[in-house]
Every structure is written in structure tokens, then in C-alpha cells.
Amino acid sequence: MSASEPLAIGFSPCPNDTWMFDALVRVPEFVPGLRPLPWLADIEALNERALAGEEPLPVTKLSAHGLFWVEHNYMVLRTGAALGRGCGPLVVARAAGELGELAGRKIAIPGAYTTAHLLLRCFAPASATVVPMRFDRIMPAVAAGEVDAGLVIHEARFVFRDHGLVQVADLGEVWEAATGLPLPLGVIAAHRSLPAWQVRAVEEGIARSIAAAEADPAAAWPFVKAHAQELSDEVCRQHIALYVNQFSRDMGAEGAAALAELRARGRAAGLLPR
């Protein structure tokens, strides 16, 4: 791919991603020689496109779980990760309970290849039945009694109580107690066919774009709000504060160790390809 061609970059419309990518995709020549073309989709849609292998996006956000199925085609970038502490997926229900009580119950999940699903399979009773659905359908489905519990991600972490639901388990807390590591939820990955100079340019561009948003939040806000659907400003700010952190700027050795631990646990449980 030449420097003059647009480079498709897949990421989600969630506030943390639009915040991180705003300057990179909005400002012409933000990175000299790089012409990013934003391709926004729900995280599970991005996972599924990478797994399909047809017309793969050269750069894309992936769930850590999704990544583990396509590592023969994609490499992880140091920057742009959704990785941290206190940011795990929540299991919610209509009444209080414990994770172990969900044996044989129906649990709505936000996609088969989400990291939330992998964590649920690692720590919940094996007899629980999962019901995949779009992440924004899960809370209404639980509230309506269509399923016994739901696995919520993204902004649902902040608003599930508005649906009359209660928290059964925080899988991030379960993960941290078991491993002592931050939780790797999602990463930015580059296709292995991409030239090395473009991989470096994207990696550095994301770090610079995050710094630009932090230096001038007002400039990034219109892009965030344009894709935040009906989220309030406060929920958007909470979302960004939780999911954009030091690991987004550089995953570092601790972030790499967290990814390796999740991969190892998934393989040991027979949930991932070897």
C-alpha cells in the first residue's frame, strides 16, 4: 500500500475510541504520509470481519478474545488498547445473587468473540447457556425476563441501574483477584501485510491523537458526541476516563503480560485455538 492511498482504520463508535482517534482522522496530515479512513462499527462486527478474512481492514480495533482467533493475520499495536483496572464487564440481573448461582441459566452476551464472553466462560458455571445479542439489547432483555442475566459492556456499566437491574458480578474484579493483572478488553491491531512504516505511523499517530484530545478536549468532543447516540455528556466523560489510560498510550510489559495470561487461560479451558 502506497503513502498516497487511504488507510482504512476500524474502531467502535464508543466514546473512548472516538476520543482517541479524533485528531488522527479529523486533522489533515496529522501524521505526514498517512491518510486514515475511519470505518466505525460495533466491536463484535469488527471481530467478525477480521475472522471472515475477506477484505480485511488493514488496521482495526479487536476484542482481546477476537484477536486470539486471528493472530496469524494481525499483530497488536502498543497504543490504543482498552486495558486497565476497575473496567471489567458486569453480570447483571433483576435480583441480587452470585455468579455460581447462574448454573443452567440463560445469560445474554454481547457477542461470541467479545472478551466479556471469554471471561464469562473462564469464571462462570460451565452449564450456563449464553444468548448472543447486540450489546444495547442486553439490558432491556434482562429487564423483560427474556434471559436470566446479562453480560454488559461499554456505557452499560454506568446505566444498568436505570433499567431496574442489579450487579451480580464484576468480571474485572474476578480477573484481577485471580491474576493480579490489569484486564485486557480490546486492542488495536494491524494486518501483517501492512508495511512496517505504516504500522509505526499508526502506532505513533494514535499516541499523538490521544495527547491532542487531552490537551484540547473541546476539539475532540464533537466527534465523540456525533457517535455517542443518546448518551449524556456525563456518561461519555465517565466512559473516556475509565477506558483511556496509561495503557492506551502504551500497553507496555504489564499490558503484554495481561494479554498473554488471558490467552493462556482461554487455551487451558479449551476456549481458544492453539
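Above this text is the structure in question.
Because the structure is a prediction, the values reported are computed rather than measured. (Residues numbered from 1 in each chain as written. Predicted model: local features only at pLDDT ≥ 70, side-chain atom pairs only at ≥ 80, totals over all residues. Heavy atoms only, no water.)

Undergrad: Go over the packing of aromatic side chains with me, naming the residues and quoting the values.
TA: Geometry of an aromatic ring pair is reported as the spacing of the ring centres plus the angle between the planes. Enumeration over the complete set of coordinates arrives at 3 aromatic pairs. Relative to Phe223, the ring of Phe11 has its centre 6.4 Å away and its plane inclined at 70°; by these criteria the two rings are edge-to-face. Placement of Phe11 in strand β1 (residues 6-11) and of Phe223 in helix α9 (residues 217-226) is noted, with a sequence separation of 212 residues between them. Looking at Phe223, the relative accessible area reads 18%, which means it is buried. Counting every residue linked through ring pairs, the aromatic cluster contains Phe11, Phe21 and Phe223. When the ring centre of Trp39 is taken as reference, the NZ or CZ atom of Arg49 above it lies at 4.5 Å. Here the basic side chain of Arg208 rests over the ring of Phe30, its NZ or CZ set 4.4 Å away from the ring centre. (Phe/Tyr/Trp six-rings, centres within 6.5 Å; stacked < 30°, edge-to-face > 60°. Helix = DSSP H or I, 4+ residues; strand = E, 2+ residues; numbered from the N terminus. Buried < 20%, exposed > 50% of the residue type's maximum accessible area, 1.4 Å probe, protein only. Lys NZ or Arg CZ within 6 Å of the ring centre and 35° of its normal.)

Undergrad: Residues and numbers for empty space enclosed by the protein, please.
TA: One pass over the structure, following the stated rule, counts 1 cavity of 30 Å³ or more. The calculated volume of the largest cavity comes to roughly 260 Å³. Around the largest cavity, the lining is made up of 23 residues, and of these Ala82, Ile153, His154, Leu185 and Gly186 lie nearest the centre. Secondary-structure elements contributing two or more residues to the lining of the largest cavity are α1 (15-26), β3 (59-63), α4 (115-123), β11 (183-191) and α10 (233-243). Tallied by class, the residues present in the lining of the largest cavity amount to 11 nonpolar, 9 polar and 3 charged. (1 Å grid on protein atoms, 1.4 Å probe; cavity = no way out; pocket = protein on both sides within 12 Å on 5 of 7 lines; lining within 4 Å. Points joined across faces, edges and corners; volume = space filled by probe spheres on them. Nonpolar A, V, L, I, M, F, W, Y, C, P; charged D, E, K, R; others polar.)

Undergrad: Got a sec to walk through the pairing of strand β9 (residues 149-152)? Specific residues and values, please.
TA: By the alternation rule, side chains of β9 split into Ala149 and Leu151 and Gly150 and Val152, which are all buried. Relative to β9, strand β7 (residues 106-109) runs parallel, the two sharing 2 bridges. Among the inter-strand pairings, Ala108 is bridged to a residue of β9, identified as Gly150. (Pairing = 2+ DSSP bridges.)

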